[in-house]
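# Reading the structure
The primary structure of each chain is shown beneath.
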Amino acid sequence: MFLSIATTHQPATDLGYLLMKHPGRVHETEHAFGRSYVLFPEAGADRCEAVLLLEIDPIELVRGRGQTEGLLDQYVNDRPYAASSLLSVALNRVFRTAMAGTSRERQPLADSAIPLEITVRPLPAQGGAELVERLFAPLGWQVTAAALPTPAGTPSRYVALTLAGTLRLADALSHLYVLIPVLDSDKHYWVGDDEVEKLLAKGGAWLSAHPERDTIARRYLKDRRKLYRAALDRLAAAEPEAGTEDEAPLQPEAIVEARLNTHDLRLDRAAEIIRQSGATSVADLGCGEGKLLRRLLKLPALGRILGVDVSVQSLRRASENLKLGLPGGPRADRVTLLQGALTYRDPRWAGTDAAALVEVIEHIEPDRLPAVEAVVFGSAGFRTIVVTTPNADYNVLFDGLSAGAFRHSDHRFEWTRAQFRDWAEAVAARHGYSLEIEGVGEPHAEHGALTQLAVFRR
Ligand code: SAH
């Protein structure tokens with residue numbers, strides 16, 4: 001089977017730099033399942049084409065598999081011929097740098113959308129050419145999926161896929177990495193617990209907005225219910241958080257906040273509570289673009305600062321905002337940004353003294369809150385936890401907000417002071433914390449302050 005990537009961006013031979021492969025050579029790589037070759041059938045200034053060929057050893061494949069299915073099924077399958085999850089494995093290995101969107105020699109080009117034409121054949125298209133279209137077209141591709149004839153002349157389940165579009169090469173590769181296994185009906189050779197990580201790492205940004213997101217997660221994870229649920233949770237949480245995007249329409253919250261600057265107030269207050277707690281390490285859970293992290297960095301007692309967020313995009317911005325790894329930025333071992341979800345236990349947080357969840361819980365589906373509680377208040381073992389969330393009592397004071405509406409389109413709920421207190425008291429009691437609740441911002445006599453803040457200590 002083969003995959004070809006061509007560009008007419010000029011000089012087209014820059015494709016070699018982007019893929020980190022010299023167009024004049026054949027690049028051979030050994031894999032557990034066989035061998036792959038990258039070569040350039042065409043390498044001119046006007047057009048350059050790189051081909052990835054996979055030579056799969058069916059015997060190795062079976063040997064490495066250690067499964068007990070029907071023997072016949074193991075030997076008589078399409079692995080050696082068809083594009084499959086193995087192609088994704090090879091892509092990730094052979095073009096890792098390009099997939100990461102980095103290029104030593106041509107970074108501006110790696111950051112740019114360039115005209116690309118990609119061919120994959122034969123591609124097993126379980127779900128038909130129509131599904132192929134539904135998967136790739138929303139990502140900006142012009143899709144041609146032609147059914148390949150069988151020797152008997154009957155239509156087969158394989159297609160020759162051609163994609164044309166102007167995209168960043170890294171995005172194009174991540175589309176292939178995630179979507180080829182989705183079209184491959186056969187078992188993956190690599191479905192495991194880290195599949196969720198892979199799916200999110202490679203597809204996070206575009207996948208959370210994809211109209212076929214659920215189908216993709218389900219098929220990618222082959223209906224393994226637990227993994228599927230985990231992926232969906234995290235994708236849903238990764239949906240663009242309106243208000244943090246520059247181009248997002250101004251929401252009532254943004255308008256009011258711009259006036260009162262409450263976001264600064266609550267970030268300052270959260271940082272002050274962390275400082276007073278005497279913590280030497282802290283995790284900012286749902287750190288967004290790093291506004292609290294910036295404040296925490298100013299506290300010399302904090303030797304280890306973690307920023308955790310489900311959104312890769314936010315983490316990228318946080319990294320930029322904090323100048324991580326850049327001159328003038330913080331010491332490399334002091335701050336770590338981690339992609340992760342608050343609904344899953346994360347050993348990387350172990351041994352951290354304090355945690356902050358500033359304007360995060362209201363972004364979580366109410367039926368997932370108990371999972372967040374178990375992780376953050378249960379297993380993580382923080383001694384101090386600061387939680388802030390909007391005070392819904394205050395919403396009546398917003399001109400632009402109709403009754404019962406939320407301040408922000410991504411909020412799953414907004415609690416009154418009574419509701420927040422009920423939740424916080426129950427959580428504190430279940431996990432052995434003391435609790436203090438306060439308002440942040442100028443309080444209204446009847447409706448309280450704009451933001452409510454709880455400190456849990458133990
Ligand atoms: N604390 C930041 C950002 C608040 S916006 C600030 O005050 O500026 C809420 C953030 O929570 C977003 O960045 C969103 O990506 C993140 N988030 C939402 N659900 C999450 C989950 N389940 N796990 C991890 N992060 C989550």
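Refer to the structure presented above.
Let me begin by describing the structure that accompanies this report. (Residues numbered from 1 in each chain as written. Predicted model: local features only at pLDDT ≥ 70, side-chain atom pairs only at ≥ 80, totals over all residues. Heavy atoms only, no water.)

## Comments concerning the overall build of the protein chain
Here is the rule: Helix and strand definitions here come from DSSP, where helices need a minimum of 4 consecutive H or I residues and strands a minimum of 2 consecutive E residues; each element is numbered from the N-terminal end. When a residue's accessible area, from a 1.4 Å probe over protein chains only, is under 20% of the maximum for its type it is buried; when over 50% it is exposed; and in between it is partly exposed. Here a residue-residue contact requires only that any non-hydrogen atoms of the pair lie within 4.5 Å. Accessible surface is estimated by sampling points in the Shrake-Rupley manner with a 1.4 Å probe; for residues, cover comes only from the protein chains shown.
What the protein chain contains, in helices and strands, is 17 helices and 14 strands. Expressed as a percentage of its 458 residues, the buried residues of the protein chain come to 52%. Of the contacts formed within the protein chain by residues at least 6 apart in sequence, a portion of 71% connects residues at least 24 apart. Of the accessible surface of the protein chain, which amounts to about 20,400 Å², a share of 52% is contributed by carbon and sulfur atoms.

## Here's the deal with the sheet that holds strand β13 (residues 434-440)
The test is simple: The criterion for strand pairing is that DSSP finds at least two bridges linking the strands in question. Here the axes come from fitting lines to C-alpha atoms, over the contacting stretch only for helices, and the angles between their N-to-C directions go from 0 to 180 degrees.
One open sheet holds the seven strands; their spatial order is β10-β9-β8-β11-β12-β14-β13, and the pairing between them is mixed. The open sheet has two free edges, formed respectively by β10 (335-339) and β13, since each of these has just one partner strand. Taking each pair of neighbouring strands and ignoring which way they run, the sheet shows an average axis angle of 15 degrees. Against the sheet, helix α13 (residues 262-277) makes contact with β8 (281-285), β11 (354-358), β12 (384-390), β13 and β14 (451-457), and its axis sits at roughly 170 degrees relative to β11, the strand it touches most. Its contacts with the sheet place helix α15 (residues 312-321) against β9 (304-309) and β10, and it is angled at close to 165 degrees to β10.

## Notes on helix α10 (residues 213-220)
Most of α10 is tucked away: six of the eight residues are buried. Along α10, the positions that sit buried rather than exposed are Arg-213, Thr-215, Ile-216, Ala-217, Arg-219 and Tyr-220.

## Focus on the packing of helix α8 (residues 169-183) against α10
The geometry of a pair of packed helices is captured by two quantities: the angle between their axes and the separation between those axes. Let me state the cut-off plainly: The cut-offs work like this: below 35 degrees is roughly parallel, past 145 is roughly antiparallel, 65 to 115 is roughly perpendicular, and the gaps in between are oblique. Side-chain classes follow a simple rule in which Ala, Val, Leu, Ile, Met, Phe, Trp, Tyr, Cys and Pro form the nonpolar group, Asp, Glu, Lys and Arg form the charged group, and the remainder, Gly included, forms the polar group.
It is at 8 Å that the axes of α8 and α10 come closest, and there the two elements cross at 70 degrees. Between α8 and α10, the angle is such that the two are roughly perpendicular. Between α8 and α10, the contacting residues are Tyr-177, Val-178, Leu-179, Pro-181, Val-182 and Leu-183 on the first element and Ile-216, Arg-219 and Tyr-220 on the second. Of the residues that constitute the contact of α8 with α10, the class distribution is eight nonpolar, no polar and one charged.

## A look at the side chain of His-411
Which entries qualify depends on this criterion: Here a polar contact means two N or O atoms within 3.5 Å. Within protein one must be a hydrogen donor candidate and the other an acceptor candidate, and residues neighboring in sequence count only if both atoms are side-chain atoms.
Mapped onto the fold, His-411 is located in the loop between β12 and α17 (417-431). A polar contact of 2.5 Å, which involves the side chain of His-411, links it to the side chain of Glu-414.

## So, helix α16 (residues 369-379)
Buried residues of α16: Leu-369, Val-372, Glu-373, Val-375, Val-376 and Phe-377, and no others. Downstream of α16 by a residue or two, Gly-381 has a phi angle that is positive, lying close to 75 degrees.

## Structural notes on the site of the ligand
Selection rule: Throughout, near means a residue has at least one heavy atom within 4 Å of the molecule or strand.
The immediate surroundings of the ligand are formed by 19 residues, with His-263, Gly-286, Asp-309, Leu-342 and Val-358 found nearest. Here a nitrogen atom of the ligand sits 2.8 Å away from a polar atom, N or O, in the main chain of Val-358. Contact with the protein chains removes 94% of the 570 Å² of surface that the ligand exposes when unbound. Of the residues contributing to the shell around the ligand, the split by class is nine nonpolar, seven polar and three charged.

## Here we look at the pairing of β8
We apply this condition: We call a crossover right-handed when, viewed with the strands running away from us, the connection from the first strand over the helix to the second turns clockwise.
Of all the five residues making up β8, five are buried; the element is thus mostly covered by neighbouring parts of the structure. Burial along β8 is two-sided: Ser-281, Ala-283 and Leu-285 and Val-282 and Asp-284, pointing in opposite directions, are all buried. As paired elements, β8 and β9 share five bridges and run parallel to each other. Its bridge partner being in β9, Val-282 is matched across the sheet by Ile-305. Handedness of the crossover joining β8 and β9 through helix α14 (residues 291-296) is recorded here as right-handed. Here β8 runs beside β11; their pairing, made up of three bridges, is parallel. Note that in β11 the partner of Ala-283 across the bridge is Ala-355.

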